[in-house]
Amino acid sequence: MKNTDTKEEIYARLPETLLPWYRANARDLPWRKDREPYHVWVSEIMLQQTRVEAVRGYYERFLKALPDIKSLAEIPEEALLKLWEGLGYYSRARNLQKAAKCILGNHGGVFPSDFDAVRALPGIGDYTAGAVCSICYEMPTPAVDGNVLRITARMSGNTAPIDLPETKKAVANALKEVYPKGHCGDFTQSLMELGACVCTPKSPKCGECPAKDFCFAKANGCADKLPVKLPKREKRVEPRTVFLLECSGAFAVCKRESKGLLAGLWQLPNTDGALSPEAALETVSGFGAEPIELLKETHKVHIFTHIRWEMVGYHILCKEKCDRFLWATPKELQSTYALPTAFRIFLDEE
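Only a predicted model underlies this, so the values are computations on that prediction, with no experimental measurement involved.

Draft legend 1. Fine view of the layout of surface pockets. Space inside the largest pocket adds up to approximately 1300 Å³. Around the largest pocket sit 33 residues that line it, and Leu47, Gln48, Gln49, Thr50 and Asp145 are the ones nearest its centre. Elements supplying a minimum of two residues to the lining of the largest pocket: helix H2 (37-47), helix H3 (52-65), helix H8 (126-137), helix H9 (146-156) and helix H11 (184-197). A per-class count over the lining of the largest pocket returns 13 nonpolar, 9 polar and 11 charged.

Draft legend 2. Representation of the nonpolar core. If you look at the biggest cluster of nonpolar residues, it comprises 64 residues, and the most contacted ones within it are Tyr38, Trp41, Met46, Phe62, Leu72 and Trp84. With 7 residues, H8 is the single largest residue contributor to this core. Once residues lying within four places of it in the same chain are set aside, the contact partners of Trp84 are Ile45, Met46, Tyr58, Phe62, Tyr89, Tyr90, Arg92, Ala93 and Leu96. Core analysis: the next-biggest nonpolar cluster, separate from the first, contains 32 residues, Leu14, Leu18, Val178 and Ala223 among them.

Draft legend 3. Structural detail: H11. Taking 1.5 Å per residue, 14 residues should reach 20 Å; H11 reaches 20 Å between its end C-alpha atoms and fits that length. The element H11 is largely enclosed, with a buried count of 12 among its 14 residues. Those residues of H11 not exposed but buried are Cys184, Gly185, Asp186, Phe187, Thr188, Gln189, Ser190, Leu191, Met192, Glu193, Leu194 and Gly195. Each element contacted by the buried residues of H11 is listed here: helix H1 (7-25), H2, H8, H9 and helix H10 (165-176).

Draft legend 4. Structural context of empty space enclosed by the protein. Counted by the stated rule, this structure contains 2 cavities of 30 Å³ or more. Considered as a void within the structure, the largest cavity measures approximately 90 Å³ in volume. As for the largest cavity, its lining consists of 14 residues, and the residues nearest its centre are Arg154, Cys199, Cys206, Cys209 and Cys215. Listing elements by their share of the lining of the largest cavity, those giving two or more residues are H9 and helix H12 (216-220). A per-class count over the lining of the largest cavity returns 10 nonpolar, no polar and 4 charged. When its volume is computed, the second largest cavity comes out at roughly 50 Å³. Forming the walls of the second largest cavity are 10 residues, and the residues nearest its centre are Leu244, Thr298, Gly313, His315 and Phe346. Mapped onto the lining of the second largest cavity, the elements with two or more residues apiece are strand E1 (236-247), strand E5 (291-303) and strand E6 (307-318). Of the residues that constitute the lining of the second largest cavity, the class distribution is 5 nonpolar, 3 polar and 2 charged.

Reading guide: rules and limits
Residue numbers restart at each chain and count upward from 1, following the sequence in its written direction. Where totals are concerned, whole chains, interfaces and linings use all residues; where local detail is concerned, this predicted model gives features only for residues with pLDDT of at least 70, and gives and counts side-chain atom pairs only at 80 or more. Computation of side-chain values: all heavy atoms of the structure, hydrogens and water removed. Cavities and pockets were defined on a 1 Å grid built over protein atoms only: a cavity is a set of grid points that admits a 1.4 Å probe from which the probe cannot escape, a pocket is an open set flanked by protein on both sides within 12 Å along at least five of seven lines, and lining residues are those with an atom within 4 Å of any such point. Grid points are joined across faces, edges and corners, and a volume is the space filled by probe spheres set on the points. We count a stretch as a helix when DSSP gives it H or I for four or more residues in a row; a strand needs E for two or more, and each element gets its number in order from the N terminus. Amino acids outside the nonpolar list (Ala, Val, Leu, Ile, Met, Phe, Trp, Tyr, Cys, Pro) and the charged list (Asp, Glu, Lys, Arg) are all regarded as polar, and Gly is one of them. Here, nonpolar core means buried Ala, Val, Leu, Ile, Met, Phe, Trp, Tyr and Cys residues that are tied together by side-chain atoms lying within 4.5 Å of each other. Here's how the labels work: a residue is buried when its accessible area is under 20% of the maximum for its type, exposed when over 50%, partly exposed in between, all with a 1.4 Å probe on protein chains only. We call two residues in contact when some of their heavy atoms are within 4.5 Å. How far a helix is expected to stretch is found by multiplying one less than its residue total by 1.5 Å.

As structure tokens, this is what we get:
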């Protein structure tokens, strides 16, 4: 086994190693152009479980429509969800608005600069609070996510499962001890950048890593073995039937229940189970839409965190716009009604 540095020594070497590397190699991302807390907060929420390239356009459109906390607090929820359409995890958008209202009501419209006050806002956990406070206020508050857990496990040879809360807490405490005064924001972002661009989950670029001289995994050829994770829980498979009902150039939509998966969002009519074409037409007749013709059958899969929807979709031409649904034109579906990707994929087929 190579590399005799202790974990404490490895952590201590990270700032002096990563800061110059980050300043020379940082990607040009729109949310790095300033350290306005509102901007950083919005970007960090958008980036949760979402790729950087997917967020770029959303971030810029979002800030153009909602340039400050007050405008976020006051926008109608339907319009907010339309801005968020396609990003998924819609509770993030709702929590952003709840937090904006809280900032208006409890902090005079000014984003708080105290860690505990930031952490107390709806939808903000230790990671987001750490990111905002370090980047915007130069506090030694680590933002520990999967990237940081992977980096530190490989650097230090830590085999504790990163899924465990105690592992995350231990890493945060170790990092807090080495945060460089006056450079906390850059250090937080250097860790993010290293995990996103070099110390990636698969095929890490060890030869390009600024910390390769003291990395345990590089020295011992075990980067593919770290970090250690607990066994994954199998996703539950749910078959569903989705109805793309068309009448006079409009399509049927309805709202989901206020609780549960995709709560309160617009959806295409759907039901549990995989119906045959005959059963689908019979079901639509029960809606009161009077099916004329089955135009198309489509099969799609959509994966949520713990659930896999295996869907059959039926595009059915109908005689009546029954009162059970709202009937929206394609233009209205583009401009007004936010449909989760699980349903919009059927519209995109047309």
